[in-house]
Amino acid sequence: FGQVVWCLGAMFAPMQAYPAEFAPPVRGWMSWERFTVEEDCTRFPDTCISERLILTMADAMKEEGLVDSGYTMIKLDEGVFMTRDEHGNLQADPQRFPRGIKYIADQLRSKGMKLGLYSDV
């Protein structure tokens, strides 16, 4: 995963200082760009969209200095939510996200990162 993160970081120039009245654009990593909607963690444990993959990518981004350079967002796109509960709340796949999405968000926050979610469920 280090090579994937390194390639992402190498594509962009170092972050420049912005005047206080201008916020820099949101930068980060999106699961769809590399892993599309791989949901089979039995056959593809290293590349399926799962808690393990997301936290591994977050660790790599932090260790490679991308977070310190402003790449603070991880966006999950497809392959996370399987259904909705009786109240209409999105439900993540319990096999691939055993501790839930809040756990992942808390882990990202502890690294100075944010979690973005997309779904068309």
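In what follows, the structure referred to is the one given above.
Note that the structure is predicted; figures quoted are calculated from it, not measured.

## Quick look at the sheet that holds strand β2 (residues 71-77)
The sheet built from 3 strands is open, its strands ordered β1-β2-β5 with parallel pairing. Edge positions in the open sheet fall to β1 (27-30) and β5 (114-118), since each of these has one partner strand only. Taken over all neighbouring pairs, the strand axes of this sheet differ in orientation by 25 degrees on average, direction set aside. The strands touched by helix α3 (residues 51-63) within the sheet are β1 and β2, with β2 carrying the most contacts at an inclination of about 165 degrees. Of the strands in this sheet, β2 and β5 are in contact with helix α4 (residues 100-110), which crosses β5 at around 145 degrees.

## Examining α4
Of the positions making up α4, those classed as buried are Ile101, Ile104, Ala105 and Leu108. Along α4, the residues classed as buried sweep out an arc of 100 degrees about the axis, all on the same side. Counted as exposed and oriented over 90 degrees from the buried face of α4: Lys102 and Ser110. Next to the buried residues of α4 lie α3, β2, β3 (81-84), β4 (90-92) and β5. Two residues or fewer past α4, Gly112 is found with a positive phi of approximately 80 degrees.

## What about the state of the cysteines?
As enumerated under the stated definition, the model contains 1 disulfide in all. For Cys41, the disulfide goes to Cys48, at an S-S distance of 1.9 Å. Given an S-S torsion of about 95 degrees, the disulfide between Cys41 and Cys48 has right-handed geometry. Among the residues examined, Cys41 registers a relative accessible area of 26% and is labelled partly exposed. Relative accessible area serves as the criterion here: at 1%, Cys48 is assigned to the buried category.

## What to know about the packing of α3 against α4
Axis separation between α3 and α4 bottoms out at 10 Å; the angle between their running directions is 10 degrees. Comparing their axes, α4 and α3 come out roughly parallel. Contact residues: Glu51, Ile54, Leu55 and Ala58 in α3; Gly100, Tyr103, Ile104, Gln107 and Leu108 in α4. A per-class count over the contact of α3 with α4 returns 6 nonpolar, 2 polar and 1 charged.

## Here we look at the pattern of salt bridges
Summed over the entire model, instances satisfying the criterion amount to 7 salt bridges. As a salt-bridge pair, Arg43 and Asp40 come within 3.9 Å of each other at their nearest N and O atoms. Take Arg43: its relative accessible area is 61%, and that puts it in the exposed class. For Asp40, a relative accessible area of 25% puts it in the partly exposed group. Taking the shortest distance from any N to any O, the salt bridge between Lys111 and Asp59 comes out at 2.8 Å. On the criterion of sequence distance, the pair formed by Lys111 in the loop between α4 and β5 and Asp59 in helix α3 is long-range, its members being 52 residues apart. Lys111 sits in the buried class, given a relative accessible area of 18%. With a relative accessible area of 31%, Asp59 lands in the partly exposed category. Taken together, the shared-partner salt bridges in this structure form one network comprising Lys102, Asp106 and Arg109.

Conventions used here
- Residues numbered from 1 in each chain as written.
- Predicted model: local features only at pLDDT ≥ 70, side-chain atom pairs only at ≥ 80, totals over all residues.
- Heavy atoms only, no water.
- Pairing = 2+ DSSP bridges.
- Helix = DSSP H or I, 4+ residues; strand = E, 2+ residues; numbered from the N terminus.
- Axes fitted to C-alpha atoms, helices over the stretch in contact; angles between N-to-C directions.
- Contact = heavy atoms within 4.5 Å.
- Buried < 20%, exposed > 50% of the residue type's maximum accessible area, 1.4 Å probe, protein only.
- Arc of directions from axis to C-beta.
- Disulfide = S-S within 2.5 Å.
- Parallel < 35°, antiparallel > 145°, perpendicular 65-115°, else oblique.
- Nonpolar A, V, L, I, M, F, W, Y, C, P; charged D, E, K, R; others polar.
- Salt bridge = Lys/Arg side-chain N within 4 Å of Asp/Glu carboxyl O.

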